[in-house]
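A look at the structure
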Amino acid sequence: MSDTPVKQQSTAAFYGQAVASFAVAMAATGIGIYQLNADAWVRGFLAIAVLYLVTSAFTLAKVIRDRQEAGQIVSRVDQARLEKLLAEHDPFETR
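The structure contained in this document is the topic of the report that follows. (Residues numbered from 1 in each chain as written. Predicted model: local features only at pLDDT ≥ 70, side-chain atom pairs only at ≥ 80, totals over all residues. Heavy atoms only, no water.)

The number of helices and strands found in the chain is 2 helices and 0 strands. Here the chain, with 95 residues, has 2% of them falling under the buried criterion. (Helix = DSSP H or I, 4+ residues; strand = E, 2+ residues; numbered from the N terminus. Buried < 20%, exposed > 50% of the residue type's maximum accessible area, 1.4 Å probe, protein only.)

Below, the structure is given as structure tokens:
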């Protein structure tokens, strides 16, 4: 293959902003659940629901990333096969 795509890397600032945003969101949700004027079992249920939502979101993000990476690998293999066929093809060859 003549051109290999460069793997995109996140910058340190973007990574830091994502971690800080996640921490602020989790802290705000935790404080909101703790300060909620409801029974302890209701607050506990909401806390478990938030944790389940977070783990589900991480799992979904990983599955989407894995599918995208698998698609890129298949695409690169197909591209390599096509380039090999084109390199081996001689239009002036007599049969």
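This part is about the layout of surface pockets. Empty pockets left among the atoms are what a rolling probe the size of a water molecule brings to light. What the second largest pocket holds in volume is close to 320 Å³. As for the second largest pocket, its lining consists of Phe22, Ala25, Met26, Val54, Ala57, Phe58, Ala61, Lys62 and Arg65. Listing elements by their share of the lining of the second largest pocket, those giving two or more residues are helix H1 (12–35) and helix H2 (40–88). For the lining of the second largest pocket, the per-class residue count stands at 7 nonpolar, no polar and 2 charged. (1 Å grid on protein atoms, 1.4 Å probe; cavity = no way out; pocket = protein on both sides within 12 Å on 5 of 7 lines; lining within 4 Å. Points joined across faces, edges and corners; volume = space filled by probe spheres on them. Nonpolar A, V, L, I, M, F, W, Y, C, P; charged D, E, K, R; others polar.)

With the rule as written, the count across this model stands at 1 aromatic pair. Pairing Phe22 with Phe58 gives two aromatic rings, centres 5.6 Å apart and planes at 65°, and the pair type is edge-to-face. Residue Phe22 is located in helix H1, and its partner Phe58 is located in helix H2; the two are separated by 36 residues in the primary sequence. Among the residues examined, Phe22 registers a relative accessible area of 40% and is labelled partly exposed. (Phe/Tyr/Trp six-rings, centres within 6.5 Å; stacked < 30°, edge-to-face > 60°.)

Tallied over the full model, the rule gives 2 salt bridges. Residues Asp66 and Lys62 are paired through a salt bridge, measuring 2.6 Å at the closest nitrogen-oxygen approach. Here Asp66 pairs with Lys62, and both are found in helix H2, just 4 residues apart, close to one helical turn. On the accessibility criterion, Lys62 (45% relative accessible area) is partly exposed. Asp66 is paired through a salt bridge with Arg65; the nearest N and O atoms lie 3.3 Å apart. According to the relative accessible area criterion, Asp66 is partly exposed, its value standing at 30%. Connected via shared salt-bridge partners are Lys62, Arg65 and Asp66. (Salt bridge = Lys/Arg side-chain N within 4 Å of Asp/Glu carboxyl O.)

Shape is all these values report; function is a separate question.
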